[in-house]
Amino acid sequence: MDSRKYEIDISIAPTHKTSERLLNIYLTLGQYPILRNRIRELMREELFIQGIIEPLEFEQRVRSTAMQSQESEGLHNPPFEEPEDVWQKRLENVRDQLTDVMYSLQLPYENFEEQVTRALNERGIKEANLTLSLNPELASRDLVFQQARTIENMPEDQRKSWGPRLEESKVVIIRSMISDQLQYVNIAKDWFSVSDLEEIRNRKIGAGRIGGKSAGMILAYTILKKSLKEAGVCGIRIPESYYIGATEFYPFMSSNDLMHWLDQKYKTEEEMRADFTNVVKEFEAGHLTHDISEKLTVLLEKVGKKPLIVRSSSLLEDNFGTAFAGKYESFYLPNQGTPEENLHELTRAIGKVYASGFNPNALLYRRQKGLQDYDERMAILIQVVEGEQMGRYYLPHAAGVAFSRNTYRWMPEIRAEDGFVRLVWGLGTRAVDRVGNDFPRLVALSHPQLRPSADPDAIRRYSQHFVDLIDLQENKFLTLPVKDILTTDYPPLRYIAQVDQDGYFSSIRSLMLSSDTSSLVLTFDELLQRTSFASQMKKILQTLEKIYQKPVDVEFTLEIKGKPTEEPELTITVLQCRPQSYLMETENVKIPVNLDSRYYAFSTHFVVPQGFIDNVEYVIFVPPEHYFSLPTAQLRKSLGREVGKLNAALKGYNFICVGPGRWGSSNPDLGVTVDYGDIYNSRALVELAGEGVAPALEPSLGTHFFQDLMESQIYPLGILLDRPDTVFNHGFFYNTPDHLSEWTNLESNLTGCLRLIKVSDYLSCHHLTIVMNSETVHAVGYFSEN
């Protein structure tokens, strides 16, 4: 018999002539090697009986193919270069593969079914039991999905007895594909159906879990979709999303010769910061593996010219107790170039997100949280940007971040348990970042119309003046003035803006306005008064908090559709959900009374949390007039780094930071530019503002920087120096001896801009105590005897 017709690639899978049912049985047999081997024996017997090949010729083919495989591995003298047990295993593998290939090519699947049935009958095994009895922890994901699907499709009376096995299968899938964080798994297993998990699998690219950000978003959506329909909350969705598994992080690093950066987390802070520019440069220049690149090409063909966002989704991100808020990067891609250009930009963005895993602030955060030794791999979340085209621009009607607990109430009547929202027009970056001289709308969901200030000048001043959007024509992400973009024929205009008529804000009742938009102010009052947005958001937050058994925060976009004469249809798109970081509140906090004035360090009534800080030994103080006298933005930024050096040096001491303006702002003209890595050892961050001192403060509730403070138990406070009920002890802050030179060497051009005050120098044998009462909106810092 001519054996040349069997000269084929033995890697061909025996699937093209077998039914799906038989293939599943065959795959299941991987869990039962004895049974699998018996079926192969029967298959070979059938090949011999049918005269397809003689036993001796078959074994000669096995030996010849095995020797060819040795040569392909560089073994030129096999009897001496390969141990006998390895050679026998090689023969066994080739024999099995050759059996599968020849059988699938020469015999019908009905014949294969006979051999499987015969082997099962010999051992008294039922086919259904074979599928259901596999071990999910050891089986392939295909088999675990098959098992879970089989159970979920059973009639209800049968499915009940298999409930524990279904739960086990779902847990294994969740742990291996989504998240292995137990608090997450304990919730997710009760909400994800097998079809939900299959949908995630179908959108996953590459190996590994999809990471915390993706996991949180999908779970929140699943909970809301299944919980709120009966409660009258409709229009909940998530963006079109795709996931690159976290295991692909290391192949990217390896193929681009980047593995030498893996030890960054063990370096000093100075080394981390010095290296990071080169880290980003090298990662951005990297290429993806061929397989991932091919799949992204298909993805881009599918989404077309829709703008994309590439987001981090690390294994630890958005978990219980470790939010990593703002630590890693996200990048918008307008996606308006040629297919080759779009793929290049997508690859660059993925590289930069990978690089953000080595951001010093992220590494210091991990170190401070005791997570330095965790294998923190980075998964990637790729999403179609939510929004619609507005001429040459692309943006959503509104976006923001919502919190189920409002721990910083600006009025006593606000109920903390109802939560609050930061709301903006356009892309949501301006809601979560503490940007320059711009402000979102703060909404207390218990009292949506109650603003921090009702003064008309303050309303205009503390409104949104810039919008983040995508310029489709220029193929860029841009920040532009609202007045240059907003038009009077914009459909949702009446819900997001009002007309400022000499200090009176009137609603837009008709689109018949002049083309002049200079009097328009983004207030969102009509959205809050005339739609169900506030009540729906409150239901969303309460539902998720109840299931999570913890406060949550949710990033979202909002679509407003409908005729002007009707209540609009609202669609809320969930972008992210994680447990909310919050300060540990101290009950029964009492503000001291009848204190001698010399014992006050400060007293403030501006947006106060609930809490208590004792035994403060040092105060890092930035004098406002010296800070704002620095001639360049670069010098002001360098002062932030000096604060960071003191933060590291004072580890183990109780200290607070006090200084001008909006700390953590990206604009050094508005306040001290610091990151998490510069202040994480501090107990409180006190911002000073007032006429001639610093730009006015606004509550930074909900920004990523604010979340950092909450998670690290750093109390944010604001002091408005020109308010008559404010106390600020000028002598303590300015005249107490400066100990800065004992801890760090300040650059000469920053002299006078930073002071380190030892509290006991002001009053011997005393320390600073800070008491904060959110009910009375009052905080006091006073000197207590040791």
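Scoring rules and cut-offs
Residues numbered from 1 in each chain as written. Predicted model: local features only at pLDDT ≥ 70, side-chain atom pairs only at ≥ 80, totals over all residues. Heavy atoms only, no water. Helix = DSSP H or I, 4+ residues; strand = E, 2+ residues; numbered from the N terminus. Buried < 20%, exposed > 50% of the residue type's maximum accessible area, 1.4 Å probe, protein only. Areas by Shrake-Rupley, 256 points an atom, 1.4 Å probe, with all protein chains shown as cover. Phe/Tyr/Trp six-rings, centres within 6.5 Å; stacked < 30°, edge-to-face > 60°. Lys NZ or Arg CZ within 6 Å of the ring centre and 35° of its normal. Core = buried A, V, L, I, M, F, W, Y, C linked by side-chain atoms within 4.5 Å. Expected span 1.5 Å × (residues − 1). Pairing = 2+ DSSP bridges. Axes fitted to C-alpha atoms, helices over the stretch in contact; angles between N-to-C directions. Salt bridge = Lys/Arg side-chain N within 4 Å of Asp/Glu carboxyl O. pLDDT = per-residue confidence, 0-100. Contact = heavy atoms within 4.5 Å. Parallel < 35°, antiparallel > 145°, perpendicular 65-115°, else oblique. Nonpolar A, V, L, I, M, F, W, Y, C, P; charged D, E, K, R; others polar. Polar contact = N/O pair within 3.5 Å; in protein donor to acceptor, adjacent residues only side chain to side chain. Left-handed = near helix turned anticlockwise from the far one by under 90°.

(A) Highlighting the overall build of the chain. For the chain, the count of helices and strands is 30 helices and 28 strands. The dimensions of the chain, computed from C-alpha atoms along their principal axes, are 105 × 70 × 55 Å. Looking at the chain as a whole, 55% of its 786 residues are labelled buried. Within the structure as shown, the chain displays about 33,800 Å² of accessible surface, and the carbon and sulfur contribution to it stands at 49%.

(B) The packing of aromatic side chains, seen in detail. Following the criterion strictly, the structure yields 25 aromatic pairs and no others. Considering the side-chain rings of Phe48 and Phe58, the 5.9 Å spacing of their centres and the 75° angle between planes classify their relative orientation as edge-to-face. Here Phe48 is found in helix α2 (residues 33-49), whereas its partner Phe58 is found in helix α3 (residues 55-72), with 10 residues between them in sequence. Residue classification places Phe58 among the buried positions, given a relative accessible area of 0%. Taking the centre distance of 4.9 Å and the plane angle of 75° together, the rings of Phe732 and Phe733 count as edge-to-face. For Phe733, a relative accessible area of 1% gives the class buried. Taken together, the ring pairs connect Phe621, Phe728, Phe732, Phe733, Tyr734, Tyr762 and Phe783 into an aromatic cluster. Here Arg203 stacks its cationic end above the ring of Tyr242, 5.2 Å away from the centre of that ring. The ring of Phe331 carries the charged tip of Lys352 above its face, separated from the ring centre by 4.4 Å.

(C) Representation of the nonpolar core within the structure. Judged by nonpolar contacts, the single largest core of 80 residues is most densely connected at Ile178, Trp425, Leu486, Phe533 and Leu544. If you tally residues by element for this core, the top one is helix α13 (residues 212-227), at 8 residues. Counting residues in each nonpolar core, the second largest holds 63 residues, with Ala444, Val616, Phe655 and Leu717 among its members.

(D) Quick look at helix α5 (residues 84-106). The end-to-end C-alpha separation of α5 is 32 Å, in line with the 33 Å expected for 23 residues at 1.5 Å each. Buried within α5 are the following residues: Trp87, Arg90, Leu91, Val94, Asp96, Leu98, Thr99, Asp100, Val101, Met102, Tyr103 and Ser104.

(E) Representation of the sheet that holds strand β21 (residues 618-621) in the model. Spatial ordering of the open sheet is given by β24-β23-β22-β21-β26, a layout of 5 strands whose pairing is mixed. Among the strands making up the open sheet, the edge pair consists of β24 (715-720) and β26 (755-758). Strand-to-strand twist of the sheet, defined as the mean angle between neighbouring strand axes without regard to direction, takes the value 20°. Summarising the sheet, β21 and β26 pair through 4 bridges and their orientation is antiparallel. Among the inter-strand pairings, Ile620 is bridged to a residue of β26, identified as Leu756.

(F) Local environment of unusual backbone geometry. Even without glycine at this site, Asp257 takes up a positive phi of about 55°. Following the sequence through the fold, Asp257 ends up in the loop between α14 (249-255) and α15 (269-284). We note that Gln549 has phi near 60°; this positive angle belongs to a residue other than glycine.

(G) Up close: the pattern of salt bridges. According to the stated counting rule, one finds 48 salt bridges in the structure shown. The salt bridge involving Arg149 is made with Glu198; its shortest N-O contact spans 2.7 Å. Pair noted here: Arg149 is in helix α8 (residues 141-152) and Glu198 is in helix α12 (residues 194-202), with a separation of 49 residues, a long-range link. Taking relative accessible area as the criterion, Arg149 reaches 30% and is therefore assigned partly exposed. When the shortest N-O distance is used, the salt bridge between Glu642 and Lys645 registers 3.4 Å. With a gap of 3 residues between them, Glu642 and Lys645 both fall in helix α26 (residues 633-649), about one helical turn apart. Each of Glu269, Arg273, Arg641, Asp675 and Asp678 takes part in salt bridges that share partners, so that together they form one network.

(H) Seen up close, the confidence of the model for the chain. Averaged over every residue, the pLDDT of the chain is 87; residues scoring 70 or more account for 90%. Segment residues 1-20 is flagged for pLDDT under 50; beyond a separation of four residues in sequence, or across chains, it makes 32 contacts in the model.

(I) Molecular detail of the sheet that holds strand β16 (residues 520-522). What the 3 strands build is an open sheet, ordered β15-β14-β16; its pairing is antiparallel. Both outer strands of the open sheet, β15 (504-506) and β16, are each paired with one neighbouring strand and no more. Pairs of neighbouring strands in the sheet enclose a mean axial angle of 45°, with direction left out of account. The pairing of strand β14 (residues 497-501) with β16 spans 3 bridges and is classified as antiparallel. Its bridge partner lying in β16, Ala497 is registered against Leu522.

(J) Layout of the packing of α15 against helix α18 (residues 360-368). The interhelical angle for the contact between α15 and α18, taken along N-to-C directions, is 150°, at an axis separation of 9 Å. Judged by the angle between their axes, α15 and α18 are roughly antiparallel. Taking contact as the criterion, the partners of Glu269, Met272, Arg273 and Phe276 in α15 are, on α18, Pro360, Asn361, Leu363, Leu364 and Arg367. Split by residue class, the contact of α15 with α18 holds 5 nonpolar, 1 polar and 3 charged.

(K) Representation of the environment of Ser72 in the model. Note that Ser72 resides in helix α3. A polar atom in the side chain of Ser72 sits 2.6 Å from the backbone oxygen of Ser69.

(L) Structural view of the pairing of strand β3 (residues 241-244). Alternating residues of β3 divide into Ser241 and Tyr243 and Tyr242 and Ile244, and every residue in both groups is buried. Of the pairings in the sheet, the one linking β3 to strand β6 (residues 378-384) comprises 4 bridges and is antiparallel in character. Bridging from a neighbouring strand, Ser241 pairs with Gln383 of β6.

(M) Looking closely at the packing of α2 against α5. Contact geometry of α2 with α5 gives a least axis separation of 10 Å together with a crossing angle of 55°. Here α2 lies oblique to α5, going by the angle between them. In this structure, α2 meets α5 at a crossing whose hand is left-handed. Of α5, the residues touching α2 (which contributes Arg40, Met43, Arg44, Glu46 and Leu47) are Arg95, Asp96, Thr99, Asp100, Met102 and Tyr103. Of the residues in the contact of α2 with α5, the class split is 4 nonpolar, 1 polar and 6 charged.

(N) Layout of the environment of Pro579. For Pro579, the location among the structural elements is in strand β18 (residues 569-579). Accessibility expressed as a relative area gives 6% for Pro579, which makes it buried. In contact with Pro579, other than residues within four places in its own chain, are Asp318, Asn319, Phe320, Tyr548, Pro551, Val552 and Asp553.

(O) Broad picture of the environment of Glu92. Inspection of the secondary structure puts Glu92 in helix α5. In this structure Glu92 comes out as partly exposed when scored by relative accessible area, which is 32%. C-alpha separation for the pair Glu92 and Leu35, spaced 57 residues apart in sequence, amounts to 15 Å.

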